[in-house]
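# Summary of structural features
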Amino acid sequence: RWGGFVSTKWTPTDSIKVTTNYVHTDSSGRPDFGVPYYKQGNVPVTEAGISRNTWYGFLNRDFQTARQDFGTLTGEFKVTDSITLTSRTRMEHSDLIYIGTLPQSPVTTNSNPQLWTFTASPQSRNQWVDVIANQQDANFKFDTGPIKHTAVVGTEISNEKVSINRYTGLSSEFFGAGAFSGNGALSGQSISAPAYTGIPFTTLPSLGATPTRYDVDTRSFYVTDTANWQDKVILNGGIRYDNYNMWAGTTAANTTKLPSEFVNYNGSVVYKPLPIGSIYAAYATSTNPFGSELDGTGTDYGAPGPGGTILGAERNKGAEVGTKWELFDRHLLVSGALFHTTKDNARETVSGVLTSGAAYRIQGIDLEASGNLTDRWSIFGGLVLMQSKVTQSGVASNIGLQLANIAHQSFSLLSKYKFDDGWEVGGQAVFRSKVYGGTFGANTGTLIPSYWRFDAFVEKQIDKNWSMKVYAQNLTNQLYYDTFYRSAVPFTQVAPGRAFYLITTAKF
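Bear in mind that the values here come from a model prediction, so they are computed numbers and not experimental data.

This next bit is on the nonpolar core. If you look at the biggest cluster of nonpolar residues, it comprises 14 residues, and the most contacted ones within it are Val162, Tyr214, Val216, Tyr244, Met246, Phe290 and Leu294. Those elements that provide at least two residues to this core are strand S8 (147–165), strand S12 (212–229), strand S13 (233–251) and strand S14 (254–274). Among the elements that make up this core, the one with the highest residue count is S13 (three residues). Ignoring anything within four residues of it in the chain, the contact list for Tyr244 reads Val216, Asp217, Thr218, Leu258, Pro259, Ser260, Phe262, Pro289, Phe290, Gly291, Ser292 and Leu294. Val35, Val43, Trp116 and Ala120 belong to the second largest nonpolar core, which has 13 residues in total.

Looking now at the pattern of salt bridges. Considering all chains together, one arrives at 12 salt bridges under this definition. A salt bridge links Asp26 to Arg67, with the nearest nitrogen and oxygen atoms 3.1 Å apart. Here Arg67 lies in strand S5 (residues 63–80) and Asp26 lies in strand S2 (residues 16–29), a separation of 41 residues in the sequence. Residue Arg453 pairs with Asp455 through a salt bridge whose shortest N-O separation is 2.7 Å. You can call Arg453 buried: its relative accessible area is 13%.

Spatial strand order, S4-S3-S27-S26: four strands in an open sheet with antiparallel pairing. Every interior strand has two partners, whereas the edge strands, strand S4 (43–44) and strand S26 (481–484), have only one. Pairing geometry for strand S3 (residues 35–38) and strand S27 (residues 491–494), over two bridges, is antiparallel. Counted as the bridge partner of Pro36 is Phe491 from S27.

Another point: the environment of Val435. Looking at where Val435 falls in the secondary structure, it is placed in strand S22 (residues 435–437). The spacing of Val435 and Val353 is 82 residues in sequence and 25 Å in space, taken between C-alpha atoms. When sequence neighbours within four positions are dropped, the list of residues in contact with Val435 reads Asn405, Ile406, Ala407, Thr446, Leu447 and Ile448.

How each quantity is defined
Residues numbered from 1 in each chain as written. Predicted model: local features only at pLDDT ≥ 70, side-chain atom pairs only at ≥ 80, totals over all residues. Heavy atoms only, no water. Core = buried A, V, L, I, M, F, W, Y, C linked by side-chain atoms within 4.5 Å. Buried < 20%, exposed > 50% of the residue type's maximum accessible area, 1.4 Å probe, protein only. Helix = DSSP H or I, 4+ residues; strand = E, 2+ residues; numbered from the N terminus. Contact = heavy atoms within 4.5 Å. Salt bridge = Lys/Arg side-chain N within 4 Å of Asp/Glu carboxyl O. Pairing = 2+ DSSP bridges.

Printed below as a string of structure tokens:
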């Protein structure tokens, strides 16, 4: 992996500021789609004796390349002390190209893990994305009696073009025992010792003839206002209108057009009984239009297939009440909040057909602390406890279940201590609860287990220009999992094991 970043700032007058930035990132390697899942034991196969180092790809076929370039131009004009105009324009191009192997459809009924088998399924993509967006806003500061206002009026315009293609000829690389299916999958392969990973191939895969193209235009307008009364009571409110138009197609005869319009709003009130503390309540809405996750390509992920299903938008409502306090002479911020979120018109699959009309809710508590306990000792961490429930579904058995693919309890704490002569020592503890698999309501037959992970680091300020940091991630080499694919033929991705990093920083 490599990348670069450059930024400039130009202030020709006290009232005009122009900034630019450009970022390039480039990475290449071989994709790793994880390990199969042992359904009879309700755990990944790596929890049942299979080595975590097993890789299920084709060494001589699989590859992955990802590149991204984006630049931003921002102009700011301070008309008066109370009026500021800002314009931001961003252009972006990205490429994602890969051929990989999914370890799917495991057969794990035998009591001996060495006899388990799975299907090596090819997965490929050749995708580019072009985005151009512009945001214009005007910031106004004014008073109405004793109340100070900060109002923002703005517009956003963007266009996103996406092309997604696949590779053909992926069944040409294997000439040993076994046979590919029609789509290039290789079944009956050993989970413990896949035999095909290093074999050569002679026929290069080629791109398909009909990529899927998407074109998305978004037009938005928003207004917000913050009203402050003597730093005691602060009211905030806003409204936003979005016009979302998407076109998807493979050929002229196989297209889908999806126009959407929606209005969302938010509001909050903050009361500060003391300068160091506040109590607040907030409420907001948001919308997920069908098509907003088009790079997922599957309609159940919200990507409309050309000429296929079109569903309505998902509607979200969120409420939160909480408090924040600055302790230890304002060096430590502690906060706590209760939150309640609902989603209506959620997408789900009923009898093999993608529909909308489901609903669910998530509620819980969030506790956080960040800052200094002493001049030398700092902490940053939080605890989140959640409950979720499917409240409406076309599948009666889903109602009342908790949501799949969500960790309902999580905790992290980072602590650092400063010694003399520029030395700093710290550590981090991270916890995530078990995560149930499935597509909507939790499928209690599949889950990935909970885990604790511990990290540590040592920093040294060498002089005013140079510093160095040694960072150790996953000190105990804990076996845990990043993600869990939700299908009926699941696989899960093993998280990184123990790793060490040396980071040097120079300022000049």
